[in-house]
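# Geometric and topological summary
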Amino acid sequence: MLRYNKKRSLGEKRKMKKVISLSLTFLFISTIFSQVSDLTLVKTINLGLDSLNYIQLYDNSILYTDKDYLILYDLKTQKEKKIKAKSEKSNNFDALITEFKVLPSKEIAVINNEPFLMIWNPTKETTSKFKYNIESNTKTTNQFWSSKIETIEELQISPLGSILVEKKHYQTQTLGGLLTLEEWYEYNFLSFPSLEKIFSLNTKEDFSDFNIDFSKRDSFVLLINALPRSKSLADLYGIVIKNFENQKSYNLFPNQRTISWDITKDDKLLAVSLESNLTKVINLNNFSEVLNFPITGNVSFSPKEDILIVEGNRTINLIDLTKKETISTYWGSHPCLSNNENILAYSLGENFLAPTKELSILYRDKNLQKKIKFDAEYFLEDISFTKDDTFLILLLSGNNGYKIMIYKV
């Protein structure tokens, strides 16, 4: 299926938990910070059950979803703008937003499950809508004794908005649809907004199950955990990287399941955590290995991209990419560094799959610790600092659905 955000599905999380539980880390545990106080809660935004499990920053605002609405909340004025992501032809279709992405132009690409694609400019208050919707996404071709059904099921847009992926589902059925004779999927990579085809992947011939992701500058497309149908189950997984410029494909980590990955903003480094209890950093210019670290978990580059963050089993490891050594280790999960990298926020839950009642905020340059204590246990879905490091934004989920909590740092 298409990979819509950085979070994993429940099935993937269970697999990750099994793998990460095997990881062992005998590293330096950072000392307890001397001063302790509580962080100030500024705003709580209650959402329902039908929200995406991530948020994004937009200048001094945050973006989040509620059913088929995309909402832009200004942190300074505490005012919001909202737009409905639903085509005019959908009628009573129960639309839900499946992805939104801030493009370099400051426009926002919004995709729902019709599927329907819309480009919103909140500054100019304009929208551009594209042809995908429940009325136009299915084509049926009748033959002598069978019919071919072609349905566009999902859409995904690249970080720069230059590439659109459409996932097509094909079925050949007997007339009347009593029996499915053949079934396959096709992924079409199209230039955007011209919608000219760049290349296609057919799952019947090539891959049966994988996640699609892009590098930050749209230089590469990554097929994560690609499983060739032509091989036996003993030859599982890996990463296939396709270069859009030269159309060449590169196979990395054959026979290994990828747990987590991240790419630097300049498309030069790829961090990958593997099921084999290894985390590696690869130079995408020549595919040479930059770093090899003996732990499995969630990986991410720090805002300045001089630190690799590896979230293992109950441990958070900060690795200096220049010195290629661990500089700090903490007990906890869901790490997030501020943009100046002086503040580290993380959950004190048992692991990243477990709910939590408390967060720790460490001011690394001041020997200061602050805490956030919740009124109940919540799953921490997303965590981020604003660009000026003024606010810490949390997205939590619990029995009553999602809610956003905004704290003054």
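Just so you know, these numbers come straight off a predicted model, no measurement behind them. (Residues numbered from 1 in each chain as written. Predicted model: local features only at pLDDT ≥ 70, side-chain atom pairs only at ≥ 80, totals over all residues. Heavy atoms only, no water.)

Moving on, we get to the pairing of strand S15 (residues 197–202). Relative to S15, strand S14 (residues 180–191) runs antiparallel, the two being bridged by 5 bridges. Paired with Leu-190 across the strands is Lys-197, a residue of S15. The hairpin formed by S14 and S15 contains 5 residues between the paired strands, and Leu-195 there has a positive phi angle of roughly 65°. (Pairing = 2+ DSSP bridges. Helix = DSSP H or I, 4+ residues; strand = E, 2+ residues; numbered from the N terminus.)

Right, let's talk about the environment of Lys-139 for a bit. With respect to the helices and strands, Lys-139 occurs in strand S11 (residues 138–142). Note on Lys-139: relative accessible area 53%, which makes it exposed. In this structure the C-alpha to C-alpha distance between Lys-139 and Ile-152, which are 13 residues apart in sequence, comes to 9.1 Å. (Buried < 20%, exposed > 50% of the residue type's maximum accessible area, 1.4 Å probe, protein only.)

In this section: the pairing of strand S20 (residues 258–263). Within S20, 6 of the 6 residues are buried, which leaves the element mostly enclosed by the surrounding structure. Two elements, S20 and strand S21 (residues 269–274), share 5 bridges in a ladder whose sense is antiparallel. If you follow Ser-260 over to S21, its bridge partner there is Ser-273. The hairpin formed by S20 and S21 contains 5 residues between the paired strands, and Asp-267 there has a positive phi angle of roughly 65°.

The next subject is the packing of aromatic side chains. For the structure shown, the criterion picks out 11 aromatic pairs. With 4.4 Å between their ring centres and 15° between their planes, Phe-189 and Phe-199 make a pair best called stacked. Placement of Phe-189 in strand S14 and of Phe-199 in strand S15 is noted, with a sequence separation of 10 residues between them. Here Phe-199 falls in the buried class, since its relative accessible area comes to 10%. An aromatic cluster of three or more residues is present, and its members are Phe-189, Phe-199, Phe-214 and Phe-244. Seen from the ring of Phe-199, Lys-242 lies directly overhead, with NZ or CZ sitting 4.8 Å from the centre. Taking the ring centre of Phe-391 as reference, the NZ or CZ of Lys-408 above it sits at 5.2 Å. (Phe/Tyr/Trp six-rings, centres within 6.5 Å; stacked < 30°, edge-to-face > 60°. Lys NZ or Arg CZ within 6 Å of the ring centre and 35° of its normal.)

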